[in-house]
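# Summary of structural features
In case you want the letters, here they are:
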Amino acid sequence: MRSNVMPFSKKAATYAVVSLMLWATSLPLATAEELTWRTVEQMSPADRALYDPNPTKPRDPNIPYIPAAPYPFKAPYTAEEMGYRSAEFPHVPRWPNTLVDAFGMITSSGYINQGVVIVYSAPTITNTTSEAVCEKRCSFWTRIRQRNLGLSASAKRMRTPFEGALREIKPGEIQDRWMQYSTFPPESQDEQQLWIMHRTSPKMANKMDFFVYSAGLRRVRRQPQPRRDQRFPDNAQTFDDVVGRDPWEMEWKLLGTDVLYQTVRFPNTRPEIVLNDNNKGFVKRETSTLKMMGDQYPYYRPDGGVDCWVVMGTIRKEVLPNYNEKFLVLWLDKHSFFPIRTEKYGQNNKLMMIEVRNVRLENPGLKGFGYAAHNTVYWDLEHDIMSYSFHDTHVAHEWTEEQKNMIFTPEFMRREWNFQPLKTQVLLKDPAQAFLRPFLDRGKFPDVRQIELSPQVEARYAAQERAGHLIFETGKPVEAPKPATAIP
Amino acid sequence: MRKVLHLYLSMTLISLAGLPPIAFADVSDIFSNVVSDFDRTMATFNPVGEYFREPLERALPDLSVQGRIKQWTDILINPDKQLGYGGKGLQDYRFAQLQNLLELKTSYAIFPGLDFKAVTHAMYDGAYDWQQSKGLYANRINETAERYNTTDRIMRELYVSYRTAKYDVIVGKQQVIWGKMDGQFIDIINGMDRREGPQLETEDYELRRLPAWMINTTLHFGDSSLQLLDIISHEQDQQSLPGSPWYSPLYTPSAPGGDVTLPWRRPHTGNLDNQEFAMRFDRAAGAMTYGFIYAYLWDKNPVDRIIGTEGQGAATRLLFQPQVNRLNHFGVTADYSTTLPDVPLVGAVPTVFRLEALYTLGVRFTDSNLQAAARAGDAGTDGTVRHDTFRAAIAAEFGLPGNTTFIMQPSLYYTFGWNPALSYGFGGGIENQWTLIPVFYLSHPFAFTRDRLTVNYTLYPVFGGPEITWQGVKSKLRISYKISQFLTTDLVYNSYGGGPDSGLYGQYKKWDNVGWEINYAF
């Protein structure tokens, strides 16, 4: 007996199958678009249980601008505590290490300016136990205070240089030292910079002693500290974007949660990249396999997403008067509080810059505190400048006293001694290989995030989304951008 | 030759004409296509690096090669046919320089800590060839004015260095740079090729300094270091030659039958008594860095000493022997950084203060009164006298918004016991007891060019006393544009004016010039 149901034609069946496949492939994007972000009110009960909305937790009796609770805090976390945890992860790790940083900038015309520096980093306080440090450094009263805060000498535990800097280094004292040795471009070869970073406080703004060695002039000169909120020349990022802001310089607020599926985006013109595998040799990787939190991160969602807290840090004007940025929005990995996406907003509340990071566990001994930025992309929306920084190799290690005394001094730079040469092959060979501008993620947290691009930038953004790689200024008419909602 | 010159000028003007549209790329979309194509082509344009440096370094992993090709040209705006030299000078040329320099730096790591390094230069100045001029003839006096043709100039630096945590030893021909101000204050170790006269500036020192053979040892103690120098061969300054573009118009050649100056005798190399010694101590202490120096050196320029007379009465001729003299230098350097809070209009201003000072004992000056006495028959004088001198500078550098840098640097030169009969001597006032040069420097990159375009302006007014209170002013406007990470260009305008014709800058009123520099590093 023949069915009354109209049989599918082959064409219709094909159409249905293709439609189904298209729907299936677009599911993660649709999920990311529509379902990923939640305001505080919409958060799941599990997330609510991890969040403490109380803004007035006890303050440290001796350092009133930091929370009294022992770092790294315990759940439920306040927004401020999340902000403090995120400050653990500036551009260069706070633990002692050597890394090679291949960096560059690209303009909308395709001009690129790249460099390679080897960075030696030596924090004053390294990763050790509170007991060991206190025996060496802390006064009797500090030890008493630490004991009251649950950091008794008998309770040995790992604590990070950031935690040490918070409580054990006085404002004005040296917190960290970075020596940077330039190996590319040829014009900058052998140029060096020494950054001696100080612990600041709300009343002590001087952040750095800054020395530059010019190989061309063969001179070491002390330079004024870069203005903290000013874009480096030829770059999208500011000094504070690199060294980090201190958490007491902002008022913290939780905006909600989100799931991120991609941060740094490689173009389809660069399917492979050769990485220096922590100085053990060069390895070729498909760029599509590079994950946001690295290969060892155990908390990826089944669909590959990373669960994030989304917090807002508003600059405290009494601490940073005349600061260029009004507030920041940060996407923090829920487990490590690593900021994998940061947005900066100006005094007019409009988006100025987006910073996205791919992260790796570079110091496994520190567990969640051992993550470090592997690859960072900055996008300055006003000037449409993109910068990138690729920390191709991180070698975590302690410095001997002799090395510390030798390397981290201005005089060392005159010796033109590339003490620990590291190599990299990740520089762009062609402007077409440059990273895509980060997702704008329009639609998320619209009460806070105001995004306005100039028509030219909007057109370039739309063009790159269609092409899968940067489309430079061509002088030819650019198609009108698609509606903003169609652009993730 | 004229055809070559024409082609050269045409090429240069075409390339310069390309700059404005590049610099103002965002102003007009009309140029965006050209700009983008150009930028992407130039982004990776590094032929020497790609076909010479990289293959060489791959073949010899312990070898490091680096270099640059630099072309810089200065064109006088308003040359004067008859100028200087007692009315015999001819400024019948436009190009004050058409210099082309190839620099190659090679370094070979023999084993960790032990390196061999060589810096070679090949230089050719077309100013003597590419224009017809009777006023330029310095190349016939010394060919290095036109091209480097001696091993000494070509093999610029050549040394072996050995480094450990505690000390460095560098043995060979090298340059040691001690100063870091605009101008030379404690930068006294090496001589300098001063062919550019008043246009020799800090950024040129690296190329113009004259390396010397020495043993350079530095001991390191934490934040302190002690450097000891034993300079085996003395290298004096080389002033601009007669018949060179920057030779002083104040020079008057001696009349026939006048005084006689013998060739100067350089201190004999290899004699321990003729070696020079210097030491420097440095210490970094937080926001303050400071150092002290002592040096026992030869003066960089000879002084004419009377060694005899000929004739009698008004017809007496003096016989001069130029000699360099031993000098004892004592110096200090310091810098201090801070942030000035809440400065009106600009907010917090990161600031650095720098100081350099040098006190020199027993600088020898020629004294016209003593020369007159010698001419009158006083056999007890050699026509010179010793005085102490002092030179110092204090600089304040401010980091202003928009990546703008402003530097103020008052510089003082002073001669103790000065009198009007004295000529110039090392470190002292210029034609005066004291000379004050308050240098002003302003630099600003333009964001609309993505900071590729930077404008610098420097002003050097010269005051003095008690004789010539106003000695003129020099100003320099430099517009730099970065074509790529390998190629940069500069457009430079220098002007000289004010003050009497005998003033430091007043004498160069006819030397205003515009120039360009193209620098390719590989």
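Calculation rules
Counting restarts for each chain: residues are numbered from 1 in the order of the written sequence. Whichever chain is written first becomes A and whichever ligand is written first becomes 1, with later ones labelled in order. Selection of residues for local features in this predicted model requires a pLDDT of at least 70, selection of side-chain atom pairs for listing and counting requires 80 or more, and totals for whole chains, interfaces and linings are taken over all residues. Water and hydrogen atoms were dropped before computing side-chain values, which therefore reflect all heavy atoms in the structure. Buried means the residue's accessible area, taken with a 1.4 Å probe over protein chains only, is under 20% of the maximum for its type, while exposed means over 50%, and partly exposed covers the values in between. Per the convention used, a helix needs a DSSP run of H or I reaching at least four residues, while a strand needs a run of E reaching at least two, with both numbered from the N terminus. Strand pairing follows a simple DSSP-based rule, namely that at least 2 bridges must link the two strands. Here a polar contact is recorded for every N or O atom pair within 3.5 Å, except that within protein the pair must consist of a potential hydrogen donor and a potential acceptor, and residues adjacent in sequence are included only if both atoms are side-chain atoms. Between two residues, a contact is recorded if the distance between any of their heavy atoms is within 4.5 Å. Put simply, buried Ala, Val, Leu, Ile, Met, Phe, Trp, Tyr and Cys residues joined by side-chain atoms within 4.5 Å make one nonpolar core. Values labelled buried area give the accessible surface lost by two parts on being combined, using a 1.4 Å probe and summing over both. Take a side-chain nitrogen of Lys or Arg and a carboxyl oxygen of Asp or Glu: if they are within 4 Å of each other, that pair is a salt bridge. Each residue is assigned to one of three groups, with Ala, Val, Leu, Ile, Met, Phe, Trp, Tyr, Cys and Pro labelled nonpolar, Asp, Glu, Lys and Arg labelled charged, and all others, Gly among them, labelled polar. Stacked, tilted and edge-to-face are the three classes assigned to paired rings of Phe, Tyr and Trp, where Trp is represented by its six-membered ring and a pair needs centres within 6.5 Å; plane angles under 30 degrees give stacked, over 60 edge-to-face, the rest tilted. The rule is short: NZ of Lys or CZ of Arg within 6 Å of the ring centre and within 35 degrees of the ring normal puts a charge over the ring. Note: pLDDT gives the predictor's confidence per residue, expressed from 0 to 100. A helix's residues, less one, multiplied by 1.5 Å, set its expected span.

Residue and element names in this part refer to chain A. Counting buried residues along strand E16 (residues 351-361), 10 of its 11 residues qualify, which places the element largely inside the surrounding structure. Pairing of strand E15 (residues 339-346) with E16 involves five bridges; the strand directions are antiparallel. By the bridge assignment, Thr342 is partnered in E16 with Glu355. Counted along the chain from E15 to the antiparallel partner E16, the turn is four residues long, and its residue Asn349 has a positive phi close to 70°. Note: E16 against strand E17 (residues 371-380), nine bridges, orientation antiparallel. Residue Leu361 lies in a different strand from E17, and its bridge partner there is Tyr371.

Once that is clear, we can look at the side chain of Ser495(B). All names here are of chain B. Assignment of secondary structure puts Ser495 in strand E23 (residues 487-497). In terms of polar contacts, Ser495 uses its side chain to reach the side chain of Ser475, at 2.8 Å. Not counting residues within four places of it along the chain, the set of residues in contact with Ser495 comprises Val473, Lys474, Ser475 and Asp512.

Turning our attention to the nonpolar core. Judged by nonpolar contacts, the single largest core of 75 residues is most densely connected at Ile340(A), Trp379(A), Phe390(A) and Leu440(A). Ranked by residue count, the leading element in this core is E16(A), at five residues.

The next subject is the interface of chain B and chain A. In this assembly, 74 residues from chain B lie in contact with 59 residues from chain A. For the chain B and chain A pair, buried surface summed over both sides reaches about 5500 Å², with 45% attributable to carbon and sulfur atoms. The largest per-residue losses of area from chain B upon contact with chain A belong to Arg163(B), Arg450(B) and Gln485(B), which jointly make up 14% of the total buried on that side. Where chain B packs against chain A, one counts seven salt bridges. Taking the shortest distance from any N to any O, the salt bridge between Glu416(A) and Lys117(B) comes out at 3.2 Å. Applying the counting criterion to the chain B and chain A interface returns 35 residue pairs in polar contact (both at pLDDT 80 or more). Residues belonging to the side of chain B that touches chain A are distributed by class as follows: 23 nonpolar, 27 polar and 24 charged.

What follows is about the packing of aromatic side chains. All told, the structure shown has 41 aromatic pairs over all chains when counted by the stated rule. Measuring from centroid to centroid gives 5.8 Å for Trp417(A) and Phe419(A), while their planes differ by 65°, and the two rings are edge-to-face. Considering the side-chain rings of Tyr496(B) and Tyr505(B), the 6.0 Å spacing of their centres and the 50° angle between planes classify their relative orientation as tilted. On the basis of relative accessibility, which here comes to 4%, the residue Tyr496(B) falls in the buried class. An aromatic cluster of at least three residues, connected via ring pairs, comprises Tyr71(A), Phe73(A), Tyr84(A), Phe162(A) and Phe369(A). Stacked on the ring of Trp72(B), the Lys or Arg Lys70(B) has its end atom at 5.1 Å from the ring centre. Taking the ring centre of Tyr460(B) as reference, the NZ or CZ of Lys474(B) above it sits at 5.0 Å.

Our next topic: the confidence of the model for chain A. Residues and elements named next belong to chain A. The predicted model of chain A has a mean per-residue pLDDT of 86, with 83% of residues at 70 or higher. Overall, residues 129-138 carries pLDDT values under 50, and its contacts beyond four positions in sequence, including any with other chains, amount to 23 contacts. In this model, residues 147-155 is a region of pLDDT below 50 whose contacts with residues beyond four sequence positions or in other chains number 13 contacts.

In this section: helix H11 (residues 455-467) of chain A. The end-to-end C-alpha distance of H11(A) is 18 Å, a good match for the 18 Å that 13 residues give at a rise of 1.5 Å each. Residue Gly468(A) follows H11(A) closely and has a positive phi angle near 85°.

A word on the pairing of strand E18 (residues 384-400) of chain B. It is a general feature of regular strands that their side chains alternate between the two faces of the sheet. All names here are of chain B. As defined by bridge partners, strand E17 (residues 347-366) adjoins E18 across 14 bridges and the pair is classed as antiparallel. Opposite Val352, over in E18, you have Glu397 as the bridge partner. In terms of strand pairing, E18 meets strand E19 (residues 404-415) through 10 bridges, oriented antiparallel. What sits directly across from Phe398, in E19, is Phe406. Counting the residues between successive antiparallel strands, the hairpin from E18 to E19 contains three residues, one of them, Gly402, with a positive phi of roughly 70°.

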